[in-house]
There are 2 protein chains.
Amino acid sequence: MAVDREHILRAAAALLTRKATSTMDEVAKAAGISRATLHRQFAGRDALIRALEALGLEQLDAALDAARLDEGAAADAVHRLVAEVEPVAGFLAFLVTENQLFEGDGMNEGWNRIDDRITALFRRGQESGEFRIDLSPVWLTEALYGLVGSGAWAVQDGRVAAKDFQFMIVELLLGGVRRSA
Amino acid sequence: MAVDREHILRAAAALLTRKATSTMDEVAKAAGISRATLHRQFAGRDALIRALEALGLEQLDAALDAARLDEGAAADAVHRLVAEVEPVAGFLAFLVTENQLFEGDGMNEGWNRIDDRITALFRRGQESGEFRIDLSPVWLTEALYGLVGSGAWAVQDGRVAAKDFQFMIVELLLGGVRRSA
DNA sequence: CCCGGATGAGACAAAGATGTCTCACTAGAG
DNA sequence: CTCTAGTGAGACATCTTTGTCTCATCCGGG
C-alpha cells in the first residue's frame, strides 16, 4: 500500500512544468493521492520542490553520463548532450526558473556540478581547436540552458515541431561555436 | 501632488525583475509610496502586471524602431537589435516568464506584433542569402529571446561581464545563422 | 489664509494555501 | 481470520496576501 514516491515526483514534475504555481492540492490530485498522503511523503511545499530539484539533478547527471561528454569530437558530444537532455528539457526549464527564486539561501551544490561538466565540454572543444575561443565556456553553458528552455517552450506551445528540437538547438549552437563559422 | 505613474511602473519593473514574487506591499515600498496609493493607481496585482506588460511592449517597440530592422544588412540589424534590447533585457525576461502563467486567457496582441517584427528580420536575412534557411524564423526568434534572457541572468548573477552582453549574444546567434557557418 | 484633493498609515474582512489533526476504511501480512 | 500500518476525506487553525475602507495629515491653488 506504500505510495510510490518516485511516481509522485514524476507527476508533480509533469504538472509543475506546465503550471509552476500549482497548489499542493492540485499536485496531489495529479499524482492520484490525497493531500494528506502527499504531506506525509513531503513535509511541505519546499520539501517537495527540493525533492524535485534532487530528481532533476539526478536525471541531468544521468543524461550527462549517457552523453559521454568526454569522448570523441566535442561537437558530437554536444549532439549527444542535447539528445539526452531533450526528455527532461521542460522539467529543466521549470527547475531553472524555480531556482532563481531561491536567491541566496541554500543553492544546491549539484547545479555547480552540472555546470562544470558542461563547461568542461566547451572548454575541451576550444582546446582541441573545434570551437572558437572568443566566447567563454561559462557563457556557452548559460546559452545552452537558454536555448534548451526556449526550445522546450516553443515545442510545448506548438510553435515548432517536437521532431526538430535537437536539430534546431544543435545547429544554432554549434554554428556559433564552430571555429570555421 | 499626483504620483508619477510612470515612476511606479519603473520601480515595480526593477523590483519584480529581481524577485518576481514580490508582494504589493514590497512594490509600494520600492516605489516609495503607500500600498493604498499603489492600489489607487492600479486596481490590483493583475492590473499592475498588465500595465507592466504594456510598458514593456512599448519599450520593446521603441527598441525595435530604434534598431531600424529593415535597413541595411540583416546581420547589422541584428547587432542593432541586441544593442537596443539590452537595457530592457532583464525586464523582458521577467515579462516572458510571467507571460507563461497567463496560459490561454487574454494573451496581449502586442507580443505577436513584436514576434512578427523580429521574425520578419530573420526572414529577410534568409531571403537575401545572408542567413541559412534550414532554421525557421520562428525558432530563431524564440532562440533570441532565450539567449537574451540567459544573458541578462548571467550578467545579473555576475557570471559574465555586462560589457560582453552584446558581443556574446550576437556572436553566438549570428554564428549559427550565418550561411557560411 | 482657507479649502479641496491626494496621500500615508493602519484597521479590517475575505480569500487562498498551507500544515496539522482526527477518524473511518482497506489492503496485506501473519 | 485478525491485526496493523497506511490511506483518503475532511475539519480546523494559521498565515500570507489581497482588496477595501476610514481618518488624520499635508500640500498647493485660489
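The following paragraphs examine the structure supplied in this document.

What counts, and at which threshold
Residues numbered from 1 in each chain as written. Chains lettered and ligands numbered in written order. Predicted model: local features only at pLDDT ≥ 70, side-chain atom pairs only at ≥ 80, totals over all residues. Contact = placed C-beta atoms within 7 Å. Helix = DSSP H or I, 4+ residues; strand = E, 2+ residues; numbered from the N terminus. Nonpolar A, V, L, I, M, F, W, Y, C, P; charged D, E, K, R; others polar. Near = placed C-beta within 6 Å. Least-squares fit on C-alpha atoms with pLDDT ≥ 70 in both. Axes fitted to C-alpha atoms, helices over the stretch in contact; angles between N-to-C directions. Parallel < 35°, antiparallel > 145°, perpendicular 65-115°, else oblique. Left-handed = near helix turned anticlockwise from the far one by under 90°. Buried ≥ 20, exposed ≤ 12 C-beta atoms within 10 Å, placed from the backbone. Arc of directions from axis to C-beta. Core = buried A, V, L, I, M, F, W, Y, C linked by C-beta atoms within 7 Å.

### As for the interface of chain A and chain B
The interface of chain A with chain B comprises 26 residues on the first partner and 26 residues on the second. Sorting the residues of the side of chain A that touches chain B by element identifies helix H8 (137-156) and helix H9 (165-177) of chain A as the ones contributing at least two each. Looking at the side of chain A that touches chain B element by element, the count peaks at ten residues for H8(A). A breakdown of the residues in the side of chain A that touches chain B according to their chemical character gives 14 nonpolar, eight polar and four charged.

### Considerations on the protein's contact with DNA strand D
A:Val3, A:Ser34, A:Thr37, B:Thr23 and B:Gly44 are the nearest of the 17 residues found near DNA strand D. Listed by contribution, the elements that provide at least two residues to the surface near DNA strand D are helix H3 (35-41) of chain A together with helix H2 (24-31) and helix H3 (35-41) of chain B. In terms of residue count, the dominant contributor to the surface near DNA strand D is H3(A) (three residues). For the surface near DNA strand D, the residue count by class is nine nonpolar, five polar and three charged.

### Some words on the relation of the copies chain A and chain B
When chain A is fitted to chain B, the residual RMSD is 0.1 Å, and the transformation amounts to a turn of 180 degrees plus an axial shift of 0.0 Å. Such a combination of rotation and displacement between the chain copies is what one expects of a two-fold axis. An overlap of 100% is found between the interface residues of chain A and their copies at the interface of chain B, pointing to a shared contact surface.

### A closer look at the protein's contact with DNA strand C
A:Thr23, A:Gly44, B:Val3, B:Ser34 and B:Thr37 are the nearest of the 16 residues found near DNA strand C. Where the surface near DNA strand C is concerned, the elements lending two or more residues are helix H2 (24-31) and H3 of chain A together with H3 of chain B. The greatest single-element share of the surface near DNA strand C, amounting to three residues, is contributed by H3(B). Looking at the surface near DNA strand C residue by residue, the class counts come to eight nonpolar, five polar and three charged.

### A word on the packing of helix H5 (residues 74-85) of chain B against helix H7 (residues 109-127) of chain B
Residue and element names in this part refer to chain B. It is the contact of H5 with H7, at a shortest axis distance of 9 Å, that shows an interaxial angle of 155 degrees. Here H5 is positioned roughly antiparallel relative to H7, judged by the angle of their axes. The handedness of the crossing between H5 and H7 comes out as left-handed. Contact with H5, carried on its side by Ala74, Ala75 and Ala77, involves Leu121, Arg124 and Gly125 of H7 and no other residues of that element.

### Some thoughts on H2(B)
Residues and elements named next belong to chain B. Taken residue by residue, H2 has Val27, Ala28 and Ala31 as its buried positions. All buried residues of H2 project into a common sector of 100 degrees when viewed along the axis, lining one side. Phi turns positive one or two residues past the end of H2, at glycine 32, with a value near 75 degrees.

### Examining the packing of helix H7 (residues 109-127) of chain A against H8(A)
Residue and element names in this part refer to chain A. Put simply, H7 and H8 touch, their axes get as near as 8 Å, and they point 120 degrees apart. As summarised for this structure, H7 and H8 are arranged oblique, according to the angle between their axes. Relative to H8, H7 is oriented so that their crossing is right-handed. Along the contact surface, H7 presents Asp115, Ile118, Thr119, Phe122, Arg123 and Gln126, while H8 presents Pro137, Val138, Leu140, Thr141 and Leu144.

### Concerning the nonpolar core
Core analysis: the biggest nonpolar cluster contains 101 residues, and A:Ala12, A:Leu92, A:Val148, B:Leu92 and B:Val148 have the highest contact counts within it. Beyond its immediate chain neighbours, meaning those up to four positions away, B:Leu92 contacts B:Gly56, B:Leu60, B:Val85 and B:Val148.

### Considering unusual backbone geometry
One non-glycine residue, A:Arg68, lies in positive phi territory at about 45 degrees. Mapped onto the elements of the fold, A:Arg68 is located in the loop between helix H4 (45-67) and helix H5 (74-85).

### Topic: the environment of A:Leu81
Residues and elements named next belong to chain A. You can see leucine 81 is positioned in helix H5. Leucine 81 sits in the buried class, given 25 other C-beta atoms within 10 Å. Along the chain, leucine 81 and asparagine 99 lie 18 residues apart, while their C-alpha atoms are 22 Å from each other. Apart from the residues lying within four places of it in its own chain, the contact partners of leucine 81 are Ala67 and Leu69.

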